[in-house]
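# Topology and contacts: notes
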Amino acid sequence: MGNVVQSEARGAVRFSSVEVCGNMAGLELLSDQGYRLDGRKATELRKVQARMGVFAQADGSAYLEQGNTKALAVVYGPHEMRGSRSRTRHDQAVINCQYSMATFSTAERKRRPHGDRKSTEMSLHLKQTFEAAVMTQLYPRSQIDIYVKILQSDGGNYSVCVNAATLAVIDAGIPMRDYVCACTVGFVDETPLADLCYAEESGGVSSLALALLPRGGQIALLQMDARLHQDHLETLIEAAMTACKGVSKVLDEVVRQHLQESSVLSGE
Amino acid sequence: MSPMKLCVPGDKLCSVEDCIPGTGVYLRHGYIYSSLAGYVLRKNEGEELPVISVVRETETQLLPDVGAIVTCKVTSINPRFAKVHILYVGSTPLKDRFRGTIRKEDVRATEKDKVETYKSFRPGDIVLAKVISLGDVQSNYLLTTAENELGVVVAHSEAGAQMVPISWCEMQCPRTHAKEFRKVARVQPEYLQA
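Notes on the structure follow. In this text the structure is predicted, and so the values were computed from the model without any measurement. (Residues numbered from 1 in each chain as written. Chains lettered and ligands numbered in written order. Predicted model: local features only at pLDDT ≥ 70, side-chain atom pairs only at ≥ 80, totals over all residues. Heavy atoms only, no water.)

This next bit is on the overall build of chain B. What chain B contains, in helices and strands, is zero helices and 16 strands. Taking 16 Å as the expected radius of gyration for a compact globule of 194 residues, we find that chain B reaches 22 Å, considerably beyond that expectation. Over its C-alpha atoms, taken along the principal directions, chain B stretches across nearly 65 × 45 × 30 Å. Counting only residues that meet the buried cut, chain B has 41% of its 194 residues in that class. Contacts spanning at least 24 positions in sequence make up 48% of the contacts within chain B whose residues lie at least 6 apart. Accessible surface for chain B amounts to roughly 11000 Å². Of this, 52% is attributable to carbon and sulfur atoms. Each charge sign in chain B was given a centre, from 25 positive and 23 negative side chains, and these centres are 6 Å apart. (Helix = DSSP H or I, 4+ residues; strand = E, 2+ residues; numbered from the N terminus. Rg over C-alpha atoms; globule rule 2.2 N^0.38 Å. Buried < 20%, exposed > 50% of the residue type's maximum accessible area, 1.4 Å probe, protein only. Contact = heavy atoms within 4.5 Å. Areas by Shrake-Rupley, 256 points an atom, 1.4 Å probe, with all protein chains shown as cover. Lys, Arg positive; Asp, Glu negative; His and termini not counted. Charge placed at Lys NZ, Arg CZ, Asp CG, Glu CD.)

Quick look at the structure:
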């Protein structure tokens with residue numbers, strides 16, 4: 001009974017503990033001191049670790065981890081159109097994306113890894129994102145395949161896929177206008193939270209996913225399917241753009257390091 | 001040799017007044033930006049501005065372009081056309097095979113209507129051809145061999161031996177001495193080994 005002290009009248013520091021069944025489920029997405037469930041601050045991103053060129057057989061490949069979300073991206077192309085030849089475009093390349101989740105990626109074993117509605121929608125979003133950044137006019141009548149697989153899902157699936165696929169496309173040597181960096185942000189207690197994890201996403205936070213070309217500040221894709229007051233939209237987009245620029249710095253480091261390593265190996 | 005500068009996609013390299021854009025770069029608002037992750041290469045071409053391009057150690061897939069000389073292998077023939085797989089573009093091998101078509105009227109420059117594909121190509125022949133069109137939605141790359149230097153370079157006879165060219169329309173098998181009809185390419189003197 002006595003492990004919670006509340007002194008709202010004097011505005012003193014409030015302690016909250018999980019045992020007290022006071023507010024909803026006792027888990028606070030943003031504590032008073034500004035710490036989130038995993039101890040991050042509101043604008044702090046999760047740790048990003050990435051490696052390029054993980055597969056030798058594919059034209060380009062990359063593995064990226066953002067916190068506990070792990071994704072693997074593989075790129076083939078540009079090559080001749082396969083499958084339906086009627087989809088050939090005479091002036092640019094067609095980008096074919098496939099998103100799938102490993103059956104062991106979520107808490108409960110996934111019954112249908114690909115082909116379900118969410119995967120198809122995600123694949124379409126990835127296709128739209130990369131059509132904005134890849135210079136497809138250089139490869140008419142050909143096809144570029146981007147396959148992304150989520151190995152462990154802990155929130156921000158779309159963003160991690162976009163970041164991994166960017167590295168894979170760069171590894172394949174396909175010309176791009178700029179990096180494509182993505183981040184998922186949410187709005188809690190008048191504060192934007194950057195880079196949501198699974199607990200925050202399912203905790204009823206209005207989440208917005210943004211894919212950005214950082215140098216020009218151009219938005220490649222913006223997606224939100226939650227309710228948010230109009231006044232907060234500006235702030236949320238600003239926070240997302242700042243978070244994406246942070247991600248782009250990390251990806252830049254990874255690309256430069258990979259370039260230097262591969263040139264050392266080839267003896268340049 | 002000074003160390004070459006690393007660059008990543010989106011890096012601003014220089015203004016369009018200082019250099020001419022080459023490969024691996026793009027122009028935007030009067031500036032040249034890199035579109036590949038690689039090394040910046042500046043080449044001086046005489047009195048003109050230097051050409052700036054970005055190169056990688058491993059070149060990406062080259063696509064056959066109109067006017068390019070390609071090396072292909074015949075897969076099937078038909079009285080109207082021959083279907084081929086394009087293997088090399090110039091001297092660069094392709095990682096993936098592209099499909100092409102050589103129509104009957106593109107086999108040679110003279111007497112186009114009297115061409116018999118059976119007497120010009122056979123499946124398995126290696127042919128030098130030139131790309132005339134990227135084709136439309138339904139068709140593949142359109143190729144032509146209507147020049148002296150284009151046509152069959154390597155062919156195997158029915159006995160299985162590699163044949164020797166005798167004239168522009170015949171090849172002979174060294175084992176059985178049987179002659180077979182092909183549209184033979186006149187190989188440039190510099191490529192013949194003495």
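Residues and elements named next belong to chain A. With 17 residues, helix α1 (residues 117-133) extends 25 Å from end C-alpha to end C-alpha; this agrees with the ideal 24 Å at 1.5 Å per step. Burial in α1 covers these residues: S119, M122, S123, H125, L126, T129, F130 and A133. For α1, the angular spread of buried residues about the axis comes to 165°, placing them on one side. Contact partners of the buried residues in α1: β4 (94-101), β5 (142-152), α2 (157-172), β8 (206-213) and β9 (218-224). (Expected span 1.5 Å × (residues − 1). Arc of directions from axis to C-beta.)

Further remarks concern the packing of aromatic side chains. Under the criterion given, the structure shown has three aromatic pairs over all chains. Where Y76 of chain A meets Y147 of chain A, the ring centres are 6.1 Å apart and the plane angle is 65°; that geometry is what we call edge-to-face. Of this pair, Y76 of chain A sits in strand β3 (residues 69-80) while Y147 of chain A is found in strand β5, placing the two residues 71 residues apart along the sequence. The residue whose ring lies beneath K41 of chain A is Y35 of chain A, and the NZ or CZ to ring-centre distance is 4.4 Å. Above the ring of Y31 of chain B, the side-chain terminus of K12 of chain B is found at 4.1 Å from the ring centroid. (Phe/Tyr/Trp six-rings, centres within 6.5 Å; stacked < 30°, edge-to-face > 60°. Lys NZ or Arg CZ within 6 Å of the ring centre and 35° of its normal.)

What follows deals with α2 of chain A. Turn by turn, an α-helix covers 3.6 residues, leaving residues three or four places apart pointing in a common direction. All names here are of chain A. Between its first and last C-alpha atoms α2 spans 22 Å; for 16 residues at 1.5 Å apiece the expected length is 22 Å, and the two agree. Buried residues dominate α2, accounting for 16 of its 16 residues. Following α2 by one or two positions, G173 adopts a phi angle in the positive range, close to 80°.

What follows concerns unusual backbone geometry. Following G77 of chain A, the chain continues into P78 of chain A via a peptide bond in cis, with omega recorded as -5°. By the element assignment, P78 of chain A lies in strand β3. Even without being a glycine, H177 of chain B presents a positive backbone phi close to 60°. Relative to the elements of secondary structure, H177 of chain B occurs in the loop between β15 (170-172) and β16 (179-181). The exposure class of H177 of chain B is exposed, given its relative accessible area of 54%.

Right, let's get into the pattern of salt bridges. Two side chains that carry opposite charge are able to pair once their charged atoms sit near each other. Using the criterion set out here, one finds 22 salt bridges over all chains in the structure. Of the charged contacts, one joins R82 of chain A and D96 of chain B as a salt bridge, the two residues approaching to 2.4 Å between their closest N and O atoms. Of this pair, R82 of chain A sits in the loop between β3 and β4 while D96 of chain B sits in strand β10 (residues 92-103), on two different chains. For D96 of chain B, a relative accessible area of 23% gives the class partly exposed. (Salt bridge = Lys/Arg side-chain N within 4 Å of Asp/Glu carboxyl O.)

Turning our attention to the nonpolar core. Counting residues in each nonpolar core, the largest one holds 94 residues, and the members touching the most others are L126, F130, I146 and Y158 of chain A together with L143 of chain B. Ignoring any residue separated from it by four or fewer positions in sequence, one finds Y158 of chain A in contact with M122, H125, L126, T129, A182, A209, A211 and L221 of chain A. Listed in part, the 10 residues of the second largest apolar core include C7, C14, I52 and V54 of chain B. (Core = buried A, V, L, I, M, F, W, Y, C linked by side-chain atoms within 4.5 Å.)

Another aspect to go through is the sheet that holds β15 of chain B. Residues and elements named next belong to chain B. Strand order across the open sheet formed by three strands is β14-β15-β16, with antiparallel pairing between neighbours. Looking at the sheet topology across the chains shown, the edges are occupied by β14 (164-167) and β16. Shown here is a sheet whose adjacent strand axes are inclined to one another by a mean of 35°, direction ignored. Both β15 and β16 contribute to a ladder of three bridges, which runs antiparallel. Across the sheet, residue M171 finds its bridge partner in β16, namely E180. (Pairing = 2+ DSSP bridges. Axes fitted to C-alpha atoms, helices over the stretch in contact; angles between N-to-C directions.)

Moving on, we get to empty space enclosed by the protein. All names here are of chain A. This model, assessed by the stated rule, comprises one cavity of 30 Å³ or more. Its volume calculated, the largest cavity comes out at about 80 Å³. Lining the largest cavity we find 11 residues, and of these E80, M81, R85, T88 and R141 sit closest to its centre. Of the residues in the lining of the largest cavity, the class split is four nonpolar, three polar and four charged. (1 Å grid on protein atoms, 1.4 Å probe; cavity = no way out; pocket = protein on both sides within 12 Å on 5 of 7 lines; lining within 4 Å. Points joined across faces, edges and corners; volume = space filled by probe spheres on them. Nonpolar A, V, L, I, M, F, W, Y, C, P; charged D, E, K, R; others polar.)

Let's shift gears to the interface of chain A and chain B. Tallying the contact residues gives 34 residues for chain A and 32 residues for chain B. Between chain A and chain B, a total of about 2800 Å² is buried, with carbon and sulfur atoms accounting for 50% of that surface. At the boundary of chain A and chain B, one finds five salt bridges. If you list the elements that add at least two residues to the side of chain A that touches chain B, you get β3, α2 and α4 (230-265) of chain A. By residue number, the principal contributor to the side of chain A that touches chain B is α4 of chain A, which donates seven residues. By residue class, the composition of the side of chain A that touches chain B is 12 nonpolar, 10 polar and 12 charged. (Buried area = accessible area lost by both parts, 1.4 Å probe.)

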